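Descriptive structure summary
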Amino acid sequence: MLSWNTKSSLYEPNLHDINQSEILHIGFDDTDSLEGKCTTHLAFKITRFLLDNSDAQFIDYPLLVRLNPNIPMKTRGNGAVCLRIKAKDHEKIIQELRLIVEKESAINNGANPGVVFLNGNPIPKMIKDFGAIALYDVQSRQIAEKVAKKHCMSYFTFGNGQGIVGSLAAIGSLEEGDYTYEVIAYRTRDNCGTYRQINVTSVINYDNRTFPYTFNNYDQTHRRVLIAPHGPDPVFCGIRGESPEIVVSSLNSLCVEESLEGYMVFRSNQGTDMHLQNQLQLSSIRPYMSGYVVGTVTTTPQVIQGGHLFFAVEDTSGTSRPVAVYEPTGITHIASQLERGDTIQIGCGVHLSNTASQVILNVEYISILSIVQTYDLSNPLCTFCRKKMKSEGRNKGFQCDKCKYRNINAKKIPIPHKRSIQPGLYIPTPKSRRHLTKPPHRYGIEKSSWSRPNAELIKGWFRLL
Ligand SMILES: [Zn+2]
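Since this is a predicted model, take the numbers as computed values, not measurements.

This part is about the overall build of the protein chain. Helix and strand counts for the protein chain stand at eight helices and 25 strands. In terms of principal-axis extent, the alpha carbons of the protein chain reach across some 100 × 50 × 45 Å. For the protein chain, long-range pairs separated by at least 24 residues make up 73% of all intrachain contacts whose partners lie at least 6 apart in sequence. Counting only carbon and sulfur atoms, one obtains 50% of the accessible surface of the protein chain, whose full area is about 21,600 Å². Side-chain charges in the protein chain split into 52 positive and 43 negative, and the spacing between the mean points of these groups amounts to 11 Å.

Have a look at this one:
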């Protein structure tokens, strides 16, 4: 097995050599639509344009930032992009990118693009805070514009302008905390819409070879390749992992039948659970928030048609809320064995119930913190022949069938019941994980924060084929 240094020490930050005013952060979002345009592909095109037509030097990998997945008004996967470059003529780049975003976005097809520019370094705290909140709550276009104006940022919006939210959030993201990489390979225009032929064995091979430093490659249980989408969009496949080197070498080991346009490495918050880092108080939750709740199970779990499961949880504020565990998560068999009194932590999104009359917590993981002792009630034994006695009816005591001994004061005896679940962490099955879901084997190999390199990124982080 490959041993990979996940805390990459390839680059020593040397910010003194960078003229801070030459740094330009470019955020964009909501350029795609259901019909097949794709924000990461636009990032690929813009990167190509910058490398070919400007003096831009990338001071970080292009960032693929997944924002709060529990918001209804979102693009597919809710991914925004930020490019951090060093360049001399910002004004020229800003005007050129404005034209590219306008031309390449699906503006008449439901996209509402925004593109935002921040000059200089470091990134102001207010912008980082904006990005942090966009991971777990709803951020408004109005606040985004206020923040952008306060920091004299250039920005352009199209359609209803909602894209400014993700664009600004992307600029403020991934400066601190855990992160991963994804190399995304793109199809030529002619191949878009055709079946993606991927040799399954070659996926299984690199998955085995690189474990645990790549993830979401293959679902063993359902025998499904997870790296390729199925729609008409230009993404051929994406490989996620812990270093740029390992995702690129995994991609190069794939047997691909068609000729591709090229590929690019993104740094990302995918696979980090970054949207579930804040604790939600049940007394003050609002629809579409994400986070985690610590509380006590207060109702016995009920399974409904379709295999979905519901129970209620109460936290220290004394507020109780309904919880839903959906069948595709593959963790309903665990949740169904919860008992009243068990203490749990759940990662969840706050949604409106079907009737929209109250909020409901949709579970994204369950961590069982402690289980209560439960008891089965058994009839008492006869004092004389040690046989189980029979109930004479409610509050009428018990009688022995054999010797007819009767005890009016006898009570049922609690027998400790062996619980079939144990404290521990339970995460959805690979096919129902979100982009942001942290896979089980990433626990313990999280990274702290990225040091911005002054040196070049790895060779081959961007490649045309
Ligand atoms: Zn008896």
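This part covers the packing of helix α4 (residues 141-150) against helix α5 (residues 163-171). Where α4 meets α5, the axes come as close as 8 Å, and the angle between the chain directions of the two elements is 50°. Classified by the angle between their axes, α4 and α5 sit oblique to one another. Regarding α4 and α5, the two cross each other, and that crossing is left-handed. Along the contact surface, α4 presents Arg-141, Ala-144, Glu-145 and Val-147, while α5 presents Ile-164, Val-165 and Leu-168. Class assignment for the residues of the contact of α4 with α5 results in five nonpolar, no polar and two charged.

Turning our eyes to something else, we now look at the pairing of strand β15 (residues 309-314). The two faces of a sheet get side chains in turn, since along a regular strand they alternate between them. Where strand β13 (residues 290-297) meets β15, two bridges bridge the pair, whose relative direction is antiparallel. Residue pairing in the sheet places Thr-296 in a bridge with Glu-314 of β15. As judged from the two bridges shared by strand β14 (residues 302-303) and β15, these two strands associate in the antiparallel manner. In the sheet register, Val-303 faces β15, and the bridge partner there is Leu-309. Two successive antiparallel strands, β14 and β15, enclose a turn made up of five residues, where Gly-306 displays a positive phi of approximately 95°. Of the strand pairs in this sheet, β15 and strand β16 (residues 320-325) are connected by six bridges, and their pairing is antiparallel. Its bridge partner lying in β16, Val-313 is registered against Arg-321. Between the end of β15 and the start of β16, which pair antiparallel, lie five residues, with Gly-318 showing a positive phi angle near 85°.

Here the focus is the sheet that holds strand β21 (residues 398-399). As summarised here, the arrangement of the three strands in space is β20-β21-β22, forming an open sheet in which the pairing is antiparallel. The open sheet has two free edges, formed respectively by β20 (390-391) and β22 (406-407), since each of these has just one partner strand.

Per the stated rule, a full pass over the model turns up one cavity of 30 Å³ or more. The computed volume of the largest cavity comes to approximately 40 Å³. Around the largest cavity, the lining residues are Asp-273, Leu-276, Glu-364, Tyr-365, Ile-427, Pro-428, Thr-437, Lys-438 and Tyr-443. The residue makeup of the lining of the largest cavity, split by class, is five nonpolar, one polar and three charged.

Let's shift gears to the pattern of salt bridges. In the structure shown here, the tally under the stated rule is 22 salt bridges. The salt bridge partner of Arg-286 is Asp-137, with a shortest N-O separation of 2.4 Å. Pair noted here: Arg-286 is in the loop between β12 (260-268) and β13 and Asp-137 is in the loop between α3 (125-134) and α4, with a separation of 149 residues, a long-range link. On the basis of relative accessible area, Arg-286 is assigned to the partly exposed category, the value being 42%. A salt bridge links Arg-442 to Glu-242; the shortest N-O distance between them is 2.6 Å.

In this section: α3. Along α3, the residues classified as buried are Ile-127, Phe-130, Gly-131 and Ala-134. Mapping the buried residues of α3 onto a view down its axis gives an arc of 95°, with all of them on the same face. Buried positions along α3 lie against β5 (114-119), α4 and α5.

What follows is about the domain arrangement of the protein chain. We note that the domain assignment places domain 1 (1-272 + 438-465), domain 2 (274-373 + 419-437) and domain 3 (374-417) within the protein chain. If you average the C-alpha positions of domain 1 and of domain 3, the two centres end up 68 Å apart.

Conventions adopted
- Residues numbered from 1 in each chain as written.
- Predicted model: local features only at pLDDT ≥ 70, side-chain atom pairs only at ≥ 80, totals over all residues.
- Heavy atoms only, no water.
- Helix = DSSP H or I, 4+ residues; strand = E, 2+ residues; numbered from the N terminus.
- Contact = heavy atoms within 4.5 Å.
- Areas by Shrake-Rupley, 256 points an atom, 1.4 Å probe, with all protein chains shown as cover.
- Lys, Arg positive; Asp, Glu negative; His and termini not counted.
- Charge placed at Lys NZ, Arg CZ, Asp CG, Glu CD.
- Axes fitted to C-alpha atoms, helices over the stretch in contact; angles between N-to-C directions.
- Parallel < 35°, antiparallel > 145°, perpendicular 65-115°, else oblique.
- Left-handed = near helix turned anticlockwise from the far one by under 90°.
- Nonpolar A, V, L, I, M, F, W, Y, C, P; charged D, E, K, R; others polar.
- Pairing = 2+ DSSP bridges.
- 1 Å grid on protein atoms, 1.4 Å probe; cavity = no way out; pocket = protein on both sides within 12 Å on 5 of 7 lines; lining within 4 Å.
- Points joined across faces, edges and corners; volume = space filled by probe spheres on them.
- Salt bridge = Lys/Arg side-chain N within 4 Å of Asp/Glu carboxyl O.
- Buried < 20%, exposed > 50% of the residue type's maximum accessible area, 1.4 Å probe, protein only.
- Arc of directions from axis to C-beta.
- Domains from an automatic or database assignment.

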